[in-house]
Amino acid sequence: MSKIEQTASEQSAGLQISGLSTGYRKRHIIQQISLPTLAAGGVYSLIGPNAAGKSTLMRALAGLQAARGSVRLDGYELIGRPLADWARRVTYMPQTLPQGVSLNVLESVISALRASPMEGASSSQEVKQYAVEVLERVGIVDLALRNLGHLSGGQRQLVSLAQVLARNPRVLLLDEPISALDLKHQFRVMRLVHELARERNMIVVAVLHDLNVAARWSDGIVMLAQGQVVASGTPGEAITPDTLARVYGVQARVGQCSQGNMQVMIDDVIYG
Ligand SMILES: Nc1ncnc2c1ncn2[C@@H]1O[C@H](COP(=O)(O)OP(=O)(O)OP(=O)(O)O)[C@@H](O)[C@H]1O
């Protein structure tokens, strides 16, 4: 590759979102959003109050919802492309968890792999072995033979995560991936997602409500309110007492813990 070609491909690497709008029938929810490039190997958190439009934006980025504007992945424009084109590149883990399915955990991960357009001509044994490896990595191999319908909410969330991680996408969209998890599992999942983004050069976008978790594990933060980007940048740039007051209506302090991690403390609600 020549130097000029290399520079051009470096410039177009990553996920570029510009002028993106989407909504429901006549309701405009996301309005002309543009973001700095989301780089390969990076974890980005989408934060904002309830009904800000985070899930709507995620669905648009997964190609599940009609949208206008531009979503370019490594220079390739996805808007206007068929769903199969998105699905080859982008995997979305919705907020709702799998339930009532008569598969066991291992079968459900194998089935997610089989449904993946990226799954090659691997033998059943290879697919099974890979699915077991993913369960090990997520820390739920002991649940492999348990029926999905018999799991707790947190266990089902971990299975959902195993299903999407097994597909090894270029872009992974996680909608509130740790909402049902206890503290230990929240930490393990976020650390795993962070490691896998680096290892696989994957772009991860996660909707998170816990700002301390978002700040701890994200390369970049996008703060959304009423369908618009209010702040974006590093955690320190986006999460400030001023943006927290304007967007969440809370009086907050932003400091550092003894380990140097950002810590958000809420002192009061701003009334009026
Ligand atoms: N299927 C739908 N049809 C019509 N309006 C919808 C639909 N889904 C969501 N909305 C509306 O779109 C707006 C944004 O919803 P969205 O679920 O994207 O918010 P969110 O930021 O993910 O919220 P939360 O943090 O509460 O999950 C809300 O006003 C919601 O009522």
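Each chain carries its own residue numbering, running from 1 in the direction its sequence is written. Note on the predicted model: pLDDT of at least 70 is required for a residue's local features to be given, and 80 or more for side-chain atom pairs to be given and counted; whole-chain, interface and lining totals, by contrast, use all residues. Remark: hydrogens and water are excluded; side-chain values derive from all non-hydrogen atoms of the structure.

An unreviewed UniProt entry lists the protein under the name Iron ABC transporter ATP-binding protein, with Oceanisphaera marina as the source organism. UniProt positions are given in the numbering used here, feature names are shortened, and annotations may be inferred rather than shown by experiment. Under Function (unreviewed entry), UniProt gives the following word-for-word description of the protein: "Part of the ABC transporter complex HmuTUV involved in hemin import. Responsible for energy coupling to the transport system."

Draft legend 1. The nonpolar core, seen in detail. Joining through side-chain atoms within 4.5 Å is the link that ties buried Ala, Val, Leu, Ile, Met, Phe, Trp, Tyr and Cys residues into a set, and such a set is a nonpolar core. Accessible area is worked out with a 1.4 Å probe on protein chains only. A residue is then buried under 20% of its type maximum, exposed over 50%, and partly exposed in between. Formed by 56 residues in total, the largest nonpolar core has its most connected members in Leu174 and Ile239. Note on contacts: a residue pair qualifies if any of its non-hydrogen atoms lie within 4.5 Å across the two residues. Ignoring sequence-local partners within four residues, the contact set of Leu174 consists of Met58, Met93, Leu161, Val164, Val193, Val204, Val205, Ala206 and Val207. One finds Leu20, Ala52, Ala62 and Leu224 within the second-largest nonpolar core, a separate group that totals 28 residues.

Draft legend 2. Geometry of unusual backbone geometry. Of note, Ala51 is a non-glycine position whose phi angle comes to about 70°, a positive value. The way it works is that DSSP assigns letters per residue, a run of H or I at least four long becomes a helix, a run of E at least two long becomes a strand, and they are numbered from the N terminus. Mapped onto the elements of the fold, Ala51 is located in the loop between strand E3 (43-47) and helix H2 (54-61).

Draft legend 3. Structural view of the sheet that holds strand E1 (residues 15-24). Think of it this way: DSSP has to see at least two bridges between two strands before they count as a pair. On the basis of which strands lie adjacent, the open sheet formed by four strands has the order E2-E1-E4-E5 and antiparallel pairing. Looking at the sheet topology across the chains shown, the edges are occupied by strand E2 (27-33) and strand E5 (76-77). As paired strands, strand E4 (residues 67-73) and E5 are joined by two bridges and run antiparallel to one another. Looking at the pairing, Arg72 lines up with Glu77 of E5.

Draft legend 4. Layout of the site of the ligand. In the neighbourhood of the ligand, 15 residues make up the surrounding shell, with Ala51, Gly53, Lys54, Ser55 and Thr56 lying closest. Two N or O atoms count as a polar contact when they lie within 3.5 Å, although within protein this holds only if one can serve as hydrogen donor and the other as acceptor, and sequence-adjacent residues are included solely when both atoms are side-chain atoms. A distance of 2.9 Å separates an oxygen atom of the ligand from a polar backbone atom of Ala51. At a separation of 3.1 Å, an oxygen atom of the ligand approaches a polar backbone atom of Ala52. Starting from 640 Å² of accessible surface for the ligand in isolation, the protein chains cover 64%. Those elements that place two or more of their residues in the shell around the ligand are E2 and H2. Looking at the shell around the ligand element by element, the count peaks at four residues for H2. Each residue is assigned to one class: nonpolar for Ala, Val, Leu, Ile, Met, Phe, Trp, Tyr, Cys and Pro, charged for Asp, Glu, Lys and Arg, and polar for all the others, Gly among them. Tallied by class, residues from the shell around the ligand come to five nonpolar, six polar and four charged. Summary of the distance rule: residues count as near a molecule or strand when at least one heavy atom falls within 4 Å of that molecule or strand. Note on areas: these come from Shrake-Rupley sampling with a 1.4 Å probe, and a residue is covered only by the protein chains present in the view.

Draft legend 5. View of the sheet that holds strand E7 (residues 171-175). Strand order across the open sheet formed by six strands is E6-E7-E8-E3-E9-E10, with mixed pairing between neighbours. Only two strands of the sheet have a single partner each, and these edge strands are strand E6 (90-93) and strand E10 (228-233). The sheet shows a mean angle of 15° between the axes of neighbouring strands, direction not considered. Here an angle of 0 to 180 degrees is reported between the N-to-C directions of two axes, which are lines fitted to C-alpha atoms, with helices fitted over the stretch in contact. Each of E3, E6, E7, strand E8 (203-207) and strand E9 (220-225) touches H2; the most contacted strand, E7, lies at about 155° to it.

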